[in-house]
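Here is what each chain is made of, one letter per residue.
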Amino acid sequence: MTTDLRLARRPRRLRANAALREIVRETSLRAADLILPLFVSAKIDSRQPVASMPGVFQLPVADAVAEALAARDAGVRAVLLFGIPARKDELGSGAYADDGVVQQAVRAMKAAGPELLVIADVCLCEYTSHGHCGVTEHGENGHFHVHNDASVALLARAAVSLAAAGADIVAPSDMMDGRVGAIRAALDERGFQDTPIMSYASKFASAFYGPFRDAAEGAPQFGDRRTYQMDPANAREALREAATDVAESADMLIVKPGLPYLDILWRVKEQSGLPTAVYNVSGEYAMVKAAAEKGWLDERAAVMEMMTAFKRAGADLIITYWAREVAAWLRE
Ligand code: PBG
């Protein structure tokens, strides 16, 4: 038998069987990588479906606790809470009320499942009557302006109140400048030196947040968020924003949205070296759900591919509305 040396030296494809594929797999996904967002509402006494997010509900406190415990039982370690207050006002006072809906939910969850990590979103948009993430000032001809420093003071108050309720981590999502440093100082001053800050280091002004604004009832009543969220065209700016948050002592970073921003995720992770989460946002969820409902794609396969791609692109953590299902699928 003669051997064609050129052919003999071709590299083998390491894919011939499942075991081989498994030993060469570069990326793995664990249930502990997943964070489940929950919407807690003070306005309802039974769960209400979110029309644009099949499988996602607005929950009264008791149901939110049950949902968190069910996720824990499936293997999820952490939940991220958003609140819908009974009343909204100009200054978003529900965000920093000691009996605010998220404060109540945090207390109830920590009592029912102390080992579950409860992360509290820190923002004003769900609590303000105008739906912006900070305090607004109006000028002539419908112009308005979000007052950065006044907003930061209220966000710091919200973070302290959530930490006092027992939140394990606070996650500012507002994108005001200087908020991480201000929140750190406020937490330290009130004795919460050990509460980490997971900050939305690069949050883009994105069309993919549409369904979330239904779920959290936080759509802006006028204008948009482009003055404080980032331009999807800018990657270097995202790195500068992340570096600023790190300098202000953020402990973990979030990149958001996920799918269209994997390059940003990779670069933020490489640059910061911090635990980095990706937010697989509501619009990414809704589009897969819609296509799956039509029978146009296989939801489970698409979701597992997305999760693996987030990990491959550098995510340590994935904030996803599929957290509980993915955790259950990983056990099968
Ligand atoms: C704002 C906030 C938003 C999301 C999380 N926090 C929406 C926004 O900025 O308009 C979006 C999350 C999602 O779309 O799933 N506090």
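Everything that follows concerns the structure shown earlier in this document.
Model, not experiment: these values are computed from the prediction. (Residues numbered from 1 in each chain as written. Predicted model: local features only at pLDDT ≥ 70, side-chain atom pairs only at ≥ 80, totals over all residues. Heavy atoms only, no water.)

Draft legend 1. Structural view of the pattern of salt bridges. Taken as a whole and assessed by the stated rule, the structure comprises 16 salt bridges. A salt bridge links Asp188 to Arg184, with the nearest nitrogen and oxygen atoms 3.0 Å apart. A residue pair is termed a helical-turn pair when its members lie 3 or 4 positions apart in one helix, as Asp188 and Arg184 do in helix α6 (residues 179–189) at four residues. In this structure, the salt-bridge partner of Lys289 is Glu299, at a minimum N-O distance of 2.9 Å. Residue Lys289 is found in helix α10 (residues 282–293), and its partner Glu299 is found in helix α11 (residues 299–312); the two are separated by 10 residues along the sequence. You can call Lys289 buried: its relative accessible area is 13%. Classification of Glu299 by relative accessible area gives partly exposed; the value is 22%. Beyond isolated ion pairs, a larger network of salt bridges with shared partners links Arg47, Asp63, Glu67 and Arg324. (Salt bridge = Lys/Arg side-chain N within 4 Å of Asp/Glu carboxyl O. Helix = DSSP H or I, 4+ residues; strand = E, 2+ residues; numbered from the N terminus. Buried < 20%, exposed > 50% of the residue type's maximum accessible area, 1.4 Å probe, protein only.)

Draft legend 2. Expanded view of the site of the ligand. The immediate surroundings of the ligand are formed by 17 residues, with Arg213, Gln229, Lys256, Ser282 and Tyr321 found nearest. Between the ligand and Glu126, the relevant distance is 3.4 Å, taken from a nitrogen atom to a side-chain nitrogen or oxygen of the residue. Within the side chain of Ser282, a nitrogen or oxygen atom sits 2.7 Å from an oxygen atom of the ligand. Here the ligand has 400 Å² of accessible area as a free molecule, and 100% of this is covered by the chains. (Near = heavy atom within 4 Å. Polar contact = N/O pair within 3.5 Å; in protein donor to acceptor, adjacent residues only side chain to side chain. Areas by Shrake-Rupley, 256 points an atom, 1.4 Å probe, with all protein chains shown as cover.)

Draft legend 3. View of the packing of aromatic side chains. Within this structure, the stated rule accounts for nine aromatic pairs. Judged by centre distance (4.6 Å) and plane angle (50°), the rings of Tyr285 and Trp322 are tilted. Taken as a pair, Tyr285 in helix α10 and Trp322 in the loop between β12 (317–320) and α12 (323–331) lie far apart in primary sequence, 37 residues in all. For Tyr285, a relative accessible area of 1% translates into the label buried. Judged by relative accessible area, which is 0%, Trp322 ranks as buried. Cluster of aromatic residues (ring-pair linked, three or more members): Phe39, Phe82, Tyr200, Phe212, Tyr279, Tyr285, Tyr321 and Trp322. The aromatic ring of Phe57 is capped on one face by Arg47, whose charged end is 4.9 Å from the ring centroid. The ring of Tyr209 has Lys203 sitting right over it, with the charged end atom 5.7 Å from the ring centre. (Phe/Tyr/Trp six-rings, centres within 6.5 Å; stacked < 30°, edge-to-face > 60°. Lys NZ or Arg CZ within 6 Å of the ring centre and 35° of its normal.)

Draft legend 4. How the structure looks around the packing of helix α8 (residues 236–247) against helix α9 (residues 262–272). In the contact formed by α8 and α9, the axes pass within 10 Å of each other and the chain directions differ by 40°. If you check the angle between α8 and α9, you find them oblique. Read as a crossing pair, α8 and α9 show a hand that is right-handed. For the pair α8 and α9, contact is made by Arg236, Ala238, Leu239, Ala242, Ala243 and Val246 and by Ile264, Arg267, Val268, Gln271 and Ser272, respectively. (Axes fitted to C-alpha atoms, helices over the stretch in contact; angles between N-to-C directions. Parallel < 35°, antiparallel > 145°, perpendicular 65-115°, else oblique. Left-handed = near helix turned anticlockwise from the far one by under 90°. Contact = heavy atoms within 4.5 Å.)

Draft legend 5. Examining unusual backbone geometry more closely. Put simply, Lys256 and Pro257 share a cis peptide bond, and its omega is -10°. Mapped onto the fold, Pro257 is located in the loop between β10 (252–256) and α9. Phi is positive for Met175, which is not a glycine, with a value near 75°. Counting through the fold element by element, Met175 comes out in the loop between β8 (169–172) and α6. Classification of Met175 as buried rests on a relative accessible area of 4%. For Ser249, which is not glycine, the phi dihedral falls at a positive 80°. Residue position: Ser249 is located in the loop between α8 and β10.

Draft legend 6. Structural context of the pairing of β12. The alternating pattern of β12 places Leu317 and Ile319 and Ile318 and Thr320 on opposite faces, both of which are buried. In this structure, strand β1 (residues 34–41) lies alongside β12, joined through two bridges in parallel fashion. Bridging across to β12, Leu34 finds its partner in Ile318. As judged from the four bridges shared by strand β11 (residues 276–280) and β12, these two strands associate in the parallel manner. Within β12, the residue paired with Ala277 across the bridge is Leu317. (Pairing = 2+ DSSP bridges.)

Draft legend 7. Representation of the pairing of strand β6 (residues 135–138) in the model. Both β6 and strand β7 (residues 144–147) contribute to a ladder of four bridges, which runs antiparallel. The residue of β7 that forms the bridge with Val135 is His147. In textbook terms, the turn of a hairpin is the stretch between consecutive antiparallel strands, and for β6 and β7 this stretch comprises five residues, one of which, Asn141, has a positive phi near 55°.

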